Amino acid sequence: MTKEIKTTKEEICDYWFSRIDESNLSVDASEALERCWRCGSKRRLERCHIIPRSLGGEDIPSNYVLLCKRCHLENPNVNDPEIMWDWLKAYKEPYYDTFWINRGLEEYERIYKSKFKDDIAIFNEFITEKEAKEILGEDIGSYATHHFGQAYLNSSTIAGLMRILIKKLRTKYETD
Ligand SMILES: [Zn+2]
């Protein structure tokens, strides 16, 4: 499918990063060939039409952005090019490798009507880092930033893993 595209990733990068304000995106210009322009993850990037070919979008640098496979599945397919940039900017993350964790946190809140941050805070006075490691089997920090960030876990799986931790903590520390 993508082999028919003549525009190169380098051309797309050069075109946009000489025109846009990179501070609005999850990726820096210096890494825009390696990291997804929406989620900032280090992934193989796909050339994603801004205006879909089926809606008359052309094979020219100005009609593409570079996205990972996951983000490519979610991007807006409409014939107004501003919508793509509205979408990309709305998901801007200030740090790399936090994007999918934050989507998991949003999903957690949607499902459980409470924030993971608040649910885990109840246990902060009880648990030490050592205990948390015992419960999860490894360090929470690296679990969240490394495993959640790097693996292809969807946001509901991430939310589910967070919930499992909360359930384990409740079982261990709540007596009622
Ligand atoms: Zn992405």
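Details of the structure are given in the entry above.
Residues numbered from 1 in each chain as written. Predicted model: local features only at pLDDT ≥ 70, side-chain atom pairs only at ≥ 80, totals over all residues. Heavy atoms only, no water.

**Quick look at the packing of aromatic side chains**
Pairs of aromatic rings are described using the distance from one ring centre to the other and the angle between the two planes.
Next, step 1: Enumeration over the complete set of coordinates arrives at 9 aromatic pairs.
Next, step 2: Ring centres of W87 and Y91 lie 6.1 Å apart, and the angle between their planes is 70 degrees; this geometry places the pair in the edge-to-face category.
Next, step 3: A relative accessible area of 25% means that Y91 is categorised as partly exposed.
Next, step 4: Seen from their ring centres, Y108 and F116 are 5.5 Å apart, and the 75 degrees between their planes marks the pair as edge-to-face.
Next, step 5: A relative accessible area of 0% means that Y108 is categorised as buried. (Phe/Tyr/Trp six-rings, centres within 6.5 Å; stacked < 30°, edge-to-face > 60°. Buried < 20%, exposed > 50% of the residue type's maximum accessible area, 1.4 Å probe, protein only.)

**Quick notes on the coordination of the zinc ion**
For a metal with four tetrahedral donors the ideal donor-metal-donor angle is 109.5 degrees, while six octahedral donors give ideal angles of 90 or 180 degrees.
Next, step 1: With distances of 2.3 Å, the protein atoms coordinating the zinc ion are C36 (SG), C39 (SG), C68 (SG) and C71 (SG).
Next, step 2: For the zinc ion, the 4 donor atoms in the first shell make angles of 106 to 115 degrees at the metal, so the coordination geometry reads as tetrahedral.
Next, step 3: When the donor residues of the zinc ion are listed from N- to C-terminus, their spacing reads C-x2-C-x28-C-x2-C. Remark: C68 occurs in the loop between β2 (64-67) and α2 (69-74) and C39 occurs in the loop between α1 (9-17) and β1 (46-49); sequence separation between them is 29 residues. (Donors = N, O, S within 2.8 Å, 3.2 Å for Na, K, Ca; no water. Tetrahedral: all angles 85-135°; square planar, octahedral: opposite > 155°, others 65-115°. Helix = DSSP H or I, 4+ residues; strand = E, 2+ residues; numbered from the N terminus.)

**Comments concerning helix α8 (residues 155-173)**
Next, step 1: For α8, which comprises 19 residues, the first-to-last C-alpha distance of 27 Å matches the rise-based estimate of 27 Å (1.5 Å per residue) to within 8%.
Next, step 2: For α8, the set of buried residues is I158, A159, M162, R163, L165, I166 and L169. End-on, the buried residues of α8 take up no more than an arc of 155 degrees, which puts them together on one face. Exposed side chains of α8 directed beyond 90 degrees from the buried face belong to K167 and T171. (Expected span 1.5 Å × (residues − 1). Arc of directions from axis to C-beta.)

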